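Here is what each chain is made of, one letter per residue.
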Amino acid sequence: MTLLEYKLPEAGLAGSYINGAWHWPDDGRTLTVENPSRREPICEVGRGTGDEIDIAVGAARAALPAWRALAASERGGLLSELGRRLEENAEEVARILAAESGNAIKTQARGEAMGATGVLKYYGGVAVEQKGETLPLGPDLFSYSTREPHGVVGSIIPWNSPLQLGCVKISMALATGNCLVLKPAEDAPLAILKLAELADGLFPPGVLNVVTGLGGEAGAALASHPGVDKVSFTGSSEVGKLIGHATADRIAKLTLELGGKSPTIVFPDAIENGRLDSTAQQVANAMRFARQGQSCTAGSRLFVHKDIWDVLMPKVAEKSAALRVGDALDPDVDMGAVINSERYGEIRAFVAEAEAQGASFLIGETPVEDPSGFSPNPTIITGVDNAWRIAREEVFGPVMVAIPFETEAEAIDMANDTHYGLAAFLFTHDVSRISRLTRAIDAGWIQVNQGGGQIPGMSYGGTKQSGTGSEYSIEGALEAYTYRKCITINIKEGA
Ligand code: NAD
């Protein structure tokens with residue numbers, strides 16, 4: 001078997017990208033990016049700190065007046081062009097993504113590279129929709145509103161879907177006339193740096209800046225920087241709360257896209273009329289096993305009606321266990337590696353604790369202690385109480401808990417018994433039930449009879465401790481990245 005190899009980026013690519021140029025920290029400090037499938041270093045990137053953030057925010061502020069004054073169609077045109085460049089380089093970018101994130105090239109990384117081009121092109125097209133309103137105040141007053149950019153945006157993203165999320169942040173900020181300083185995750189900054197390389201020379205210097213570094217250093221400095229008018233953060237709820245504190249004093253605008261522990265609920269009619277196979281597949285898809293469960297929207301708590309438990313569960317197990325686990329760059333592998341040893345250890349601890357509490361494994365096992373690559377198998381755990389830690393906290397690994405229920409009310413209670421409210425998946429074809437449950441369940445995004453991913457154009461965001469604000473749509477971008485300015489002109493003759 002020949003693996004596709006990803007080579008080290010060209011010299012200079014791994015610095016930060018600030019004011020249209022590559023930049024290394026003065027003290028020369030670096031961070032090592034590793035390939036989690038192989039547990040080997042890929043490359044070194046600059047360990048930016050508050051100093052780099054300061055320079056980048058200054059560059060963004062300087063670029064702001066001209067950028068916001070540009071016609072929205074021109075800003076959109078540049079985003080579309082970046083989407084085109086990304087599409088042309090999609091295979092290389094997919095290999096970078098697979099190497100740094102552990103997401104399999106076959107099932108995930110290629111899809112993410114193409115999905116990210118879709119995001120850039122979507123915002124490139126809808127940028128012109130930054131419209132205002134006029135008010136019917138009579139013939140003597142001309143009153144209208146415009147949508148103004150907040151100014152300089154600081155965005156911080158995680159490692160699990162870095163390119164897609166980076167493109168969402170870039171597109172929303174730039175389309176609406178803001179300038180951006182983006183801090184990618186220390187574990188997976190390379191696809192974003194490649195994107196910055198593709199964008200080189202496209203936007204005026206200072207409009208798009210990328211600073212690599214640690215969360216507690218570069219990330220914290222960005223969130224608390226007085227020159228940052230808006231922070232858009234995607235990551236864990238724990239860090240989201242820190243970001244909230246960091247922005248509160250200066251009342252910076254804030255969007256938080258945080259964690260989840262999303263329920264999947266399956267009713268008996270979902271397997272009738274030959275639907276057993278497809279429902280089982282969609283349940284496995286909703287769990288994002290092919291992403292090692294490293295998805296904020298993973299349907300990681302499966303509630304199955306007791307009447308179909310014995311039929312559905314073996315099928316879900318069969319579909320999930322059929323995934324081929326291995327090196328993310330192997331073109332035949334379906335499911336790659338979790339991001340790093342810390343995450344792997346936490347997943348192991350979650351599963352070991354549930355095993356000690358008396359849970360059973362339908363498939364999978366407690367991951368081995370010292371693996372050669374961080375690739376645990378898909379794991380489905382039964383005999384779990386909804387109050388156990390494994391059913392309440394985000395494992396962020398390929399681990400689903402499955403719990404039977406008897407009544408609709410019981411399913412709703414268990415689904416809502418969580419501090420998260422990001423996504424939910426319902427499997428039933430009863431329209432009345434769909435209507436009742438979609439109203440009753442606390443989640444920002446509910447899918448019925450499918451377990452798919454986000455699509456540009458849908459407003460997506462969480463409730464409860466899963467976040468505030470929404471992204472992925474022009475409506476979300478207008479709400480989150482602009483403010484309404486109202487102008488009232490007295491046009492009465494002689495006034
Ligand atoms: P994380 O919160 O540890 O890190 C996310 C980012 O924040 C990284 O860039 C990190 O460097 C930075 N960071 C860490 N500490 C910081 C601090 N004190 N100040 C400023 N920045 C800091 O999350 P993670 O482990 O990288 O990602 C996984 C989490 O992200 C999961 O909880 C997942 O559910 C969530 N997530 C949510 C969405 C969504 O759309 N809701 C999407 C993807 C991931």
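Everything discussed here concerns the structure shown above.
These lines cover the structure that appears in this document, whether it is placed above or below. Remember, it's a predicted structure, so these values are computed and weren't measured experimentally.

Basis of the calculations
- Residues numbered from 1 in each chain as written.
- Predicted model: local features only at pLDDT ≥ 70, side-chain atom pairs only at ≥ 80, totals over all residues.
- Heavy atoms only, no water.
- Helix = DSSP H or I, 4+ residues; strand = E, 2+ residues; numbered from the N terminus.
- Buried < 20%, exposed > 50% of the residue type's maximum accessible area, 1.4 Å probe, protein only.
- Polar contact = N/O pair within 3.5 Å; in protein donor to acceptor, adjacent residues only side chain to side chain.
- Contact = heavy atoms within 4.5 Å.
- Pairing = 2+ DSSP bridges.
- Axes fitted to C-alpha atoms, helices over the stretch in contact; angles between N-to-C directions.

## Re unusual backbone geometry
Here comes step 1: Phi at isoleucine 251 is positive, roughly 50°, even though this residue is not glycine.
Here comes step 2: Note that isoleucine 251 resides in the loop between α8 (237-248) and β11 (253-257).
Here comes step 3: Residue classification places isoleucine 251 among the exposed residues on the basis of a relative accessible area of 63%.
Here comes step 4: In this structure, lysine 464 takes a positive phi of about 50° despite not being glycine.
Here comes step 5: With a relative accessible area of 34%, lysine 464 lands in the partly exposed category.

## Observations concerning the side chain of arginine 343
Here comes step 1: Within the element layout of this structure, arginine 343 appears in helix α11 (residues 341-357).
Here comes step 2: A distance of 2.6 Å separates the side chain of arginine 343 from the side chain of glutamate 346, its partner in a polar contact.
Here comes step 3: When sequence neighbours within four positions are dropped, the list of residues in contact with arginine 343 reads Trp159, Val338, Phe350, Glu394, Val395 and Phe396.

## Re the sheet that holds strand β5 (residues 134-135)
Here comes step 1: If you walk across this open sheet you meet the three strands as β5-β6-β22, and the pairing is antiparallel. At either margin of the open sheet sits one strand with a lone partner, and together these are β5 and β22 (482-490).
Here comes step 2: As defined by bridge partners, β5 adjoins strand β6 (residues 141-149) across two bridges and the pair is classed as antiparallel. Across the sheet, residue leucine 135 finds its bridge partner in β6, namely serine 143.
Here comes step 3: Across the sheet, helix α15 (residues 474-481) lies against β6 and β22, angled at about 75° from β22, the strand it touches most.

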